Amino acid sequence: KDQKLCGLCQKSLTGLGLFEVLTLILSSEEAQYDKLLLPRDDDHVIIDNPISVEQTMIRRRLLPGLLDTFAANADQELPQQIFEVGYISQIDGKCETGSRELSRLAGAIIGPKVDYSGIRSICEALLREFGASIKTVPTQNPAFIPGRVAMVHALLNGQEMVIGIMGEVHPQVLENFKLVYPVSAFEIQLSPLVLNPNK
């Protein structure tokens, strides 16, 4: 079911003009927390004897990988639209292994005229593919510009579920990733969308 879901995401987003990227599962506290201006949590999986300071943990979110991808392609034509479907890991004492994998989808746009409405329209189009509608609720998150960030709720099969976040990335975060143009992005959980029996 997960694979079918991922395939639908890939088909939908490439149809909307986004390019798929694959980033490393291993990351660092600096990339996953500090560069995003987020407090460090203790719910991530730490790597014993890491081979480098850039690979000290299993990623908790996909967004840093997308921002790194933009930085690596700074000489390419703008705007750029990318997405990734992948797994993140989270400490969970209820699991036999002590952690669990969660399927995530993240997308981002970079360019001189990028704003909140652009990333929202992509989210809306994506959720329509799952037979869901979108509802956004204003929130606060240090990685995004205040007033331009919202929680993403999916209305599906009569249920309303919080599935992620979207907004315009904070200028300090852009600077931390050595980006000079505005970025808007979203990151959502895929597992709730499996509830739709038609997909």
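One can find the structure itself at the top, above this paragraph.
Structural notes, computed from the coordinates. (Residues numbered from 1 in each chain as written. Predicted model: local features only at pLDDT ≥ 70, side-chain atom pairs only at ≥ 80, totals over all residues. Heavy atoms only, no water.)

**Brief notes about the pattern of salt bridges**
The criterion, for reference: Should a side-chain nitrogen of Lys or Arg be within 4 Å of a carboxyl oxygen of Asp or Glu, the pair is scored as a salt bridge. Note on classification: 1.4 Å probe, protein chains only; a residue is buried when its accessible area is under 20% of the maximum for its type, exposed when over 50%, partly exposed between these limits. The numbering of helices and of strands both runs from the N terminus, where a helix is a DSSP run of H or I of at least 4 residues and a strand a run of E of at least 2.
Tallying each qualifying case throughout the model produces seven salt bridges. With a shortest N-O distance of 2.5 Å, Arg40 and Asp34 are connected by a salt bridge. Asp34 gets classed as partly exposed once you look at its relative accessible area, which sits at 33%. Among the salt bridges present, the one from Glu124 reaches Arg120, with a minimum N-O distance of 2.9 Å. Of this pair, Glu124 and Arg120 are both found in helix α4 (residues 116–129), four residues apart, which corresponds to roughly one turn of the helix. On the basis of relative accessible area, Glu124 is assigned to the partly exposed category, the value being 25%. Overall, the relative accessible area of 23% leaves Arg120 in the partly exposed class.

**Brief notes about the nonpolar core**
Stated formally: Among buried residues, those of type Ala, Val, Leu, Ile, Met, Phe, Trp, Tyr and Cys that are joined through side-chain atoms within 4.5 Å constitute a nonpolar core. Residues count as neighbours in contact if any of their non-hydrogen atoms are within 4.5 Å of one another.
If you look at the biggest cluster of nonpolar residues, it comprises 29 residues, and the most contacted ones within it are Leu105, Leu127, Phe186, Leu190 and Leu193. Setting aside anything within four residues of it in sequence, one finds Leu127 in contact with Ala132, Ser133, Ile134, Val152, Ala154, Ile163 and Leu193.

**Structural notes on the environment of Glu84**
As a reminder, the rule being used: Residues adjacent in sequence count toward polar contacts only when both atoms are side-chain atoms; beyond that, a polar contact is any pair of N or O atoms within 3.5 Å, and within protein one must be able to donate a hydrogen and the other to accept it.
Here Glu84 lies in strand β4 (residues 80–91). On the basis of relative accessibility, which here comes to 2%, the residue Glu84 falls in the buried class. Taking the C-alpha atoms as reference points, Glu84 and Phe186, 102 residues apart in sequence, are found 11 Å from one another. Glu84 has contacts with Val21, Leu22, Thr23, Arg59, Leu62, Leu66, Arg104, Leu105 and Ala106, leaving out every residue within four places of it along the chain. Looking at Glu84, its side chain comes within polar contact range of the side chain of Arg59, at 3.3 Å.

**Side note on the pairing of strand β7 (residues 144–156)**
Strand residues, when the strand is regular, have side chains that alternate between the two faces of the sheet. Heads up, the rule is: In this scheme, strands are said to pair when DSSP sees at least two bridges between them.
In terms of strand pairing, strand β6 (residues 133–138) meets β7 through six bridges, oriented antiparallel. The residue bridging Ile134 from the neighbouring strand is Ala154, located in β7. Taken together, β6 and the strand that follows it, β7, pair antiparallel across an intervening segment of five residues. Pairing of β7 with strand β8 (residues 159–169) involves nine bridges; the strand directions are antiparallel. Paired with Val149 across the strands is Gly167, a residue of β8.

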